[in-house]
Amino acid sequence: MCGIVAYIGYRQAYPIVIKGLQRLEYRGYDSAGVALLNGELSVYKKAGKVADFTNYVSDKNLVGQVGMGHTRWATHGEPNDRNAHPHYSESKDLAIIHNGIIENYAAIKQELINSGHTFKSDTDTEVLIHLIEEIKHKTHVATEEAVRLALGEVIGAYAIVVLSKSEPNKMIAARKGSPIVVGIGKDEWFIASDATPIVEYTKNVAYLNDGEVATIDNGKLTVKTIDNETKIPFVQELELKLEAIEKGGYDHFMMKEIYEQPRSIWDSMRGRIDADKGRLRLGGISEFENKLINAKE
Amino acid sequence: MVAEYLIEDLARIPVEVEYASEFRYRNPIISEDDVVIAISQSGETADTLAAIEMAKERGATIFGVCNVVGSSIPRATHAGSYTHAGPEIGVASTKAFTAQVTVLTLMALQIANKRGTITQSRFRALLNELETIPSKVEIALKSNDKVKEISALFKDSRNFLYLGRGYGFPVALEGALKLKEISYIHAEGYPAAEMKHGPIALIDEEMPVVVIATKNSSYEKVVSNIQEVKARKGKIIAIVTEGDVDVRKMADYTIEIPETDDILVPLVSVIPLQLLSYHIAVMRGCNVDQPRNLAKSVTVE
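Now for a quick tour of the structure. Since this is a predicted model, take the numbers as computed values, not measurements.

## With respect to the overall build of chain A
- Summing up its helical and strand segments, chain A has nine helices and 17 strands in all.
- The C-alpha radius of gyration computed for chain A amounts to 19 Å, which stays within 12% of the reference 19 Å derived for 297 residues, consistent with globular compactness.
- For the C-alpha atoms alone, the extent of chain A along its principal axes is close to 70 × 50 × 45 Å.
- Long-range contacts, defined as pairs at least 24 residues apart, comprise 64% of the intrachain contacts of chain A with a sequence gap of at least 6.
- Accessible surface, chain A: about 12,200 Å² in total, of which carbon and sulfur atoms supply 49%.
- Taking the average place of the 36 positive charges on the side chains of chain A and the average place of its 42 negative ones, the gap between the two points comes to 1 Å.

## Here we look at the nonpolar core
- Ranked by internal contacts, the top residues of the largest apolar core, which has 77 residues, are L10(B), M107(B), L109(B), F160(B), Y162(B) and L276(B).
- Contacts of Y162(B), omitting those with residues within four sequence positions, involve A172(B), G175(B), A176(B), L179(B), A187(B), E188(B), G189(B), Y190(B), V210(B), L273(B) and L276(B).
- Counting residues in hydrophobic clusters, the runner-up holds 27 residues, among them I4(A), I8(A), L37(A) and L163(A).

## Some thoughts on the state of the cysteines
- Scanning all chains against the criterion turns up zero disulfides over all chains.
- Of all cysteine sulfurs, the one in C2(A) lies closest to C66(B), which takes part in no disulfide; the gap is 18 Å.

## Quick look at empty space enclosed by the protein
- Taken as a whole, this structure holds two cavities of 30 Å³ or more when the rule is applied.
- Its boundaries defined by the atoms lining it, the largest cavity holds a volume of some 60 Å³.
- If you trace the largest cavity, you find it lined by C2(A), R72(A), W73(A), A74(A), T75(A), H76(A), H85(A), H98(A), G100(A), T123(A), D124(A) and T125(A).
- At the level of elements, β6 (94-102) and α4 (124-139) of chain A are the ones that each hand at least two residues to the lining of the largest cavity.
- Residue composition of the lining of the largest cavity, by class: three nonpolar, seven polar and two charged.
- Considering only enclosed or pocket space, the second largest cavity measures out at about 40 Å³ in volume.
- T214(B), K215(B), T241(B), I257(B), P258(B), E259(B), T260(B) and V265(B) together form the lining of the second largest cavity.

## Brief notes about the layout of surface pockets
- Looking at the second largest pocket, its volume works out to about 990 Å³.
- Taken together, 33 residues make up the lining of the second largest pocket; nearest its centre are H76(A), R272(A), G283(A), G284(A) and H84(B).
- Residue assignment for the lining of the second largest pocket shows that the elements contributing at least two residues are β6, β16 (273-274), β17 (279-280) and α8 (283-286) of chain A together with β2 (61-66) and β3 (79-82) of chain B.
- Sort the elements by how many residues they give to the lining of the second largest pocket and β3(B) lands first, with four residues.

## Structural notes on the environment of I132(A)
Residues and elements named next belong to chain A.
- Within the secondary structure layout, I132 lies in helix α4.
- On the basis of relative accessibility, which here comes to 0%, the residue I132 falls in the buried class.
- Remark: the alpha-carbon pair of I132 and V147, spanning 15 residues in sequence, is separated by 5.5 Å.
- Apart from the residues lying within four places of it in its own chain, the contact partners of I132 are L94, A146, V147, A150 and V162.

## A short note on helix α9 (residues 219-231) of chain B
Residue and element names in this part refer to chain B.
- Across its 13 residues, α9 extends 19 Å between first and last C-alpha, which sits within 8% of the 18 Å expected from 1.5 Å per residue.
- The set of residues buried in α9 consists of Y219, V222, V223, N225, I226 and V229. Projection of α9 onto a plane perpendicular to its axis shows the buried side chains occupying an angular sector of 160 degrees, all on one side. Of the exposed residues in α9, the ones pointing more than 90 degrees away from its buried face are E220 and A231.

## A word on the packing of aromatic side chains
- Counted according to the given criterion, the structure contains eight aromatic pairs over all chains.
- Their ring planes at 15 degrees and their centres at 5.1 Å tell us that F190(A) and Y201(A) sit as a pair that is stacked. On the criterion of sequence distance, the pair formed by F190(A) in strand β10 (residues 189-192) and Y201(A) in the loop between β10 and β11 (204-207) is long-range, its members being eleven residues apart.
- One aromatic cluster in this structure is built from F154(B), F160(B), Y162(B) and Y253(B).
- Sitting over the ring of Y219(B), K215(B) keeps its end group 4.9 Å from the ring centre.

## Let's talk about the environment of G90(B)
Residues and elements named next belong to chain B.
- Assignment of secondary structure puts G90 in the loop between β3 and α5 (95-115).
- For G90, a relative accessible area of 0% puts it in the buried group.
- On a C-alpha basis, the gap between G90 and V288 in space is 7.5 Å, while along the polypeptide they are 198 residues apart.

## Description of the sheet that holds β3(B)
All names here are of chain B.
- One open sheet holds the three strands; their spatial order is β1-β2-β3, and the pairing between them is parallel. Pairing within the sheet leaves two strands with one partner each, and these edge strands are β1 (35-40) and β3. If you compare each strand with its neighbour and ignore which way they point, the axes differ by 15 degrees on average.
- Both β2 and β3 contribute to a ladder of four bridges, which runs parallel. In the sheet register, V65 faces β3, and the bridge partner there is S81.
- Strand contacts of α5: β1, β2 and β3, with the helix running at about 160 degrees to β1, the strand carrying the most contacts.

## Structural notes on the pattern of salt bridges
- Under the criterion given, the structure shown has 32 salt bridges over all chains.
- Where D59(A) meets K60(A), a salt bridge forms, and the shortest distance between an N and an O atom there is 3.5 Å.
- With a closest N to O distance of 2.2 Å, R26(B) and E18(B) form a salt bridge.
- Overlapping salt bridges, with partners in common, bring together D93(A), K136(A), E144(A), E167(A) and K170(A) in one network.

## Structural notes on unusual backbone geometry
- Omega for the peptide link from H85(A) to P86(A) comes to 0 degrees, which places this bond in the cis form.
- Of note, P86(A) is situated in the loop between β4 (66-72) and β5 (87-88).
- Phi angles above zero are rare outside glycine, and R12(B) is one such case at about 55 degrees.
- Here R12(B) is to be found in the loop between α1 (2-11) and α2 (20-23).
- In this structure, K233(B) takes a positive phi of about 65 degrees despite not being glycine.
- Judged by its relative accessible area of 55%, K233(B) falls in the exposed class.

## So, a nonpolar patch on the surface
Residue and element names in this part refer to chain B.
- The grouping of M1, V17 and L173 at the surface amounts to a nonpolar patch, some 220 Å² of accessible area in total.
- Within the secondary structure layout, V17 lies in the loop between α1 and α2.
- Using a relative accessible area of 42% as the deciding quantity, one classes V17 as partly exposed.

## Side note on the interface of chain A and chain B
- With 51 residues of chain A at the contact, the number on the chain B side is 66 residues.
- The contact between chain A and chain B buries some 5,300 Å² in all, and 65% of this surface belongs to carbon and sulfur atoms.
- If you look at where chain A meets chain B, you find one salt bridge.
- The shortest N-O distance in the salt bridge between K95(B) and E260(A) comes to 2.6 Å.
- Contributions of two or more residues to the side of chain A that touches chain B are made by α6 (253-259), α7 (261-269), β16, β17, α8 and α9 (289-293) of chain A.
- Of the residues forming the side of chain A that touches chain B, the biggest block, eight residues, is contributed by α7(A).
- Split into classes, the residues belonging to the side of chain A that touches chain B amount to 24 nonpolar, ten polar and 17 charged.

How each quantity is defined
Residues numbered from 1 in each chain as written. Chains lettered and ligands numbered in written order. Predicted model: local features only at pLDDT ≥ 70, side-chain atom pairs only at ≥ 80, totals over all residues. Heavy atoms only, no water. Helix = DSSP H or I, 4+ residues; strand = E, 2+ residues; numbered from the N terminus. Rg over C-alpha atoms; globule rule 2.2 N^0.38 Å. Contact = heavy atoms within 4.5 Å. Areas by Shrake-Rupley, 256 points an atom, 1.4 Å probe, with all protein chains shown as cover. Lys, Arg positive; Asp, Glu negative; His and termini not counted. Charge placed at Lys NZ, Arg CZ, Asp CG, Glu CD. Core = buried A, V, L, I, M, F, W, Y, C linked by side-chain atoms within 4.5 Å. Buried < 20%, exposed > 50% of the residue type's maximum accessible area, 1.4 Å probe, protein only. Disulfide = S-S within 2.5 Å. 1 Å grid on protein atoms, 1.4 Å probe; cavity = no way out; pocket = protein on both sides within 12 Å on 5 of 7 lines; lining within 4 Å. Points joined across faces, edges and corners; volume = space filled by probe spheres on them. Nonpolar A, V, L, I, M, F, W, Y, C, P; charged D, E, K, R; others polar. Expected span 1.5 Å × (residues − 1). Arc of directions from axis to C-beta. Phe/Tyr/Trp six-rings, centres within 6.5 Å; stacked < 30°, edge-to-face > 60°. Lys NZ or Arg CZ within 6 Å of the ring centre and 35° of its normal. Pairing = 2+ DSSP bridges. Axes fitted to C-alpha atoms, helices over the stretch in contact; angles between N-to-C directions. Salt bridge = Lys/Arg side-chain N within 4 Å of Asp/Glu carboxyl O. Patch = residues over 30% accessible without salt bridge, like charges linked within 9 Å, V, L, I, M, F, W, Y side chains within 5 Å. Buried area = accessible area lost by both parts, 1.4 Å probe.

The structure is reproduced here in structure tokens:
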């Protein structure tokens, strides 16, 4: 679980993104990062809370009308600066933020290493952005098309946002399993894990469905499925009150967490059991399996 | 404790459950053949870390079950599995507890399967049943309105007793702990059959007794324990399997949960107990997310 927020429009992106990250901090708080498009594609990231991050970037260039930010809850790779999001692609033309788990990242990573990619982090996320770039270069398609093709190859759950230095008027988002809300303002667009970073700017939102890729390109939103079917986004009005937001509408975190259990229990089994095939594999214990099996009777 | 029952039951390896803080000071018998499983949501619990270091020195293999990735305990252990429950902010643990139980269940099953102490068909049946648990938890959450009504009746109680047998006993302990933590009502979890050797003396018409009375091998025994409480006019709040008839006739209040395998009952039956403690605490005006005197990550010894 992580928090993601992104902005493309006429305002400065950084203040919107940071405020959004503070709202989303309940979704993860072990590291934070921001990417901004301003001729360059600048990435800043830091282990720690959002407050640590804002101190860290206080002397950096934070200009840009397109940006995205991430607050992390580590799943692959411990929380440190290197593993924090956003992650660059090989050429640094693309950057990604990701909430979720790419289950088959190890196999894809090996293939990419074989074709010359080098990785800077231990994350599954960095593998995904390298894969997107690899596909983009091989098939000479637009970034959103490369994203769509790449997502066809991965197994797992994700909510992602991708920015490209060479296509500065474009922002791409996709989801499967992890939530994405697109906020639709006048000549500006917001993307976030939930509506809390968006609510003070616009009440018009579209929730992406599983397996959908949204592209905002020169002020126009298009949505496609991973199977390349065009969808008309369903725009609805938010009924969210600002004070309810960090707790996702519940009065207390405890109640929210009680209600998250169908999902959290599933998350603790995901990728570990396959009942159809009668398989169970708890990665961590495999190496010490014999110790466990032969533990003193 | 759920893990002790699971690993002994399925994998046939003897297990001792220890408080890290006691374990490290009592010169325990630990050798190279032992495996120590360290369980901590935050992965920072000071007593648990110290216990790990001590067991390591004596040559044991240490396995961690933690929620916070990259925290100190996973770094201090030989191996481990994360619970992947996501950040837990409420100080009273809910989803981190069920995630720990889930991971420990997977662990017990994997060892049991490798050791051949359970049949292939039982192994596969349990995997299938595990996959249904999230939806059964979803159904158990639907008891919320009913639990809230019951909470209103007992919010001013000064004591609570929680009873269970077999896999229901650790659930009784967890239910009592949740209530104590956030509502500040004194509560005790007890093995149902042991009640007659002590706590039964406390029972009167004011005493709410929460009983885990799901359909399983010890169901009949629990039914007699309920009668013992009823004979002393205690008020029974029973967690029962959907469609239950016998307990419903005796109990003052029943809360239904979906049927599941005996070993997976803790994951489903703890849900109404979490809701009960939550509603009682809210009705008593307690700060549920930050109960007095408690901290999320206990980094002092």
